[in-house]
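Descriptive analysis of the structure
Okay, here's what each chain looks like letter by letter:
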Amino acid sequence: MRVTRYHLSTSKAGVSFTCAIVADLHDHPYTPIFKILETEQPDMILIPGDLTESLEEDFQSKDFHRPGLGLLNEAVKIAPTFYAFGNHESGACHKNLRNAAHLAPGKGRVHPSWKEVIRESGAILVDENWVTWRGLTIGGLGSGLLNPGRVPVYDWIENYAKQPGYKLLLCHHPEYFDRYLRDYDIDLFVSGHAHGGQWRIFGRGVYAPDQPLFPKYTSGIHEGRLVISRGVVNTVKPIPRFFNPCEVVILTVTSE
């Protein structure tokens, strides 16, 4: 596990924050991540999806032991924590994607009981909406993989992008930047999902879900406003990651 540090500047006045980006935990043990968060003491923690696995079913008491929920409960003790869902929370795993045409009505949605549990943890859930915090407008765009045409619900983005001040969007899928989001007045996009391309050759990822071979968006900063985490665990077992360490991203943004 490594810590990757980035700095961005903005022409908007009065902006100054440091955030930790924790992407794609997938219910793996979180102790190394928590230790990094304790050491770094960021102003806020951003979780752009796939913190845990499918949240389609009603919350049960045994779910309290899920590592993803455990990290959420611990993260809020360090800093305000903002969470947006990825494809796994909505059940868009490989099995369901293969059989998407035959899924029962309602599949592909996070059960309301889970949303309540997340809010009770103290985390701030941004689920196709936005909140204002310390002069920032923070939104969350979910996955559309189980929607008709695999298109996310983004009709609310136009109103969100019209909000004043600095706008930060948690968007699990980095490929949505080109497909749906580029032309909106949004200052910062924070993504995961691509797992760094799994194998990196000459600094470029080899494979990422929902992108072609040698994908464009797997890691780093693009166009000065799209920040992509490689994720905090290896999720493609037994295939190892090559030249692609897991990471917690520490991002600082300040006014010019």
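These numbers come from a predicted model, not from an experiment.

When you go through the chain residue by residue, the secondary structure sums to six helices and 14 strands. In terms of overall dimensions, the chain is globule-like: its C-alpha atoms have a radius of gyration of 17 Å, near the 18 Å expected for 256 residues. With respect to the principal axes defined by its C-alpha atoms, the chain has extents near 50 × 40 × 35 Å. Restricting the contact set of the chain to residue pairs at least 6 apart, pairs at least 24 apart contribute 71%. Accessible surface, the chain as shown: approximately 11500 Å² in total, 54% of it carbon and sulfur.

Considering all chains together, one arrives at 13 aromatic pairs under this definition. Seen in terms of ring centroids, Phe-59 and Phe-64 are 5.0 Å apart; in terms of plane orientation they differ by 85°. Their pairing is edge-to-face. Phe-64 sits in the exposed class, given a relative accessible area of 53%. Both rings, one in Phe-82 and one in Trp-133, keep their centres 5.6 Å apart while their planes meet at 65°; by these two values the pair is edge-to-face. Of this pair, Phe-82 sits in strand 4 (residues 81-83) while Trp-133 sits in strand 6 (residues 129-133), and the two are 51 residues apart along the sequence. The pair Phe-82 / Trp-133 is uniform in exposure class, with both members buried. One aromatic cluster is present, built from ring pairs that chain together Phe-59, Phe-64 and Trp-114.

If you look at the biggest cluster of nonpolar residues, it comprises 30 residues, and the most contacted ones within it are Val-22, Ile-45 and Tyr-83. Residue assignment for this core shows that the elements contributing at least two residues are helix 1 (31-40), strand 3 (44-47), helix 2 (67-75), helix 4 (112-120) and strand 14 (247-255). Excluding residues that lie within four positions of it along the chain, Val-22 makes contacts with Ile-33, Leu-37, Ile-45, Leu-46, Ile-47, Pro-48, Leu-71, Val-232 and Val-248. Counting residues in hydrophobic clusters, the runner-up holds 23 residues, among them Val-15, Cys-19, Met-44 and Leu-170.

On the basis of which strands lie adjacent, the open sheet formed by six strands has the order 1-14-2-3-4-5 and mixed pairing. The sheet terminates laterally at strand 1 (2-10) and strand 5 (124-125), the two strands that pair on one side only. Across two bridges, strand 4 lies against strand 5 in parallel orientation. Following the sheet pairing, Tyr-83 is matched in strand 5 by Leu-125.

Spatially, 6-7-8-9-13-12 is the arrangement adopted by the six strands of the open sheet, whose pairing is mixed. Where the open sheet ends on each side, the last strands, each with one partner, are strand 6 and strand 12 (220-222). Across the sheet, the mean angle from the axis of one strand to that of its neighbour is 20°, orientation sign disregarded. Note that strand 9 (residues 188-191) and strand 13 (residues 226-228) share three bridges and pair parallel. Of the residues in strand 13, the one forming a bridge with Ser-191 is Ile-228.

Calculation rules
Residues numbered from 1 in each chain as written. Predicted model: local features only at pLDDT ≥ 70, side-chain atom pairs only at ≥ 80, totals over all residues. Heavy atoms only, no water. Helix = DSSP H or I, 4+ residues; strand = E, 2+ residues; numbered from the N terminus. Rg over C-alpha atoms; globule rule 2.2 N^0.38 Å. Contact = heavy atoms within 4.5 Å. Areas by Shrake-Rupley, 256 points an atom, 1.4 Å probe, with all protein chains shown as cover. Phe/Tyr/Trp six-rings, centres within 6.5 Å; stacked < 30°, edge-to-face > 60°. Buried < 20%, exposed > 50% of the residue type's maximum accessible area, 1.4 Å probe, protein only. Core = buried A, V, L, I, M, F, W, Y, C linked by side-chain atoms within 4.5 Å. Pairing = 2+ DSSP bridges. Axes fitted to C-alpha atoms, helices over the stretch in contact; angles between N-to-C directions.

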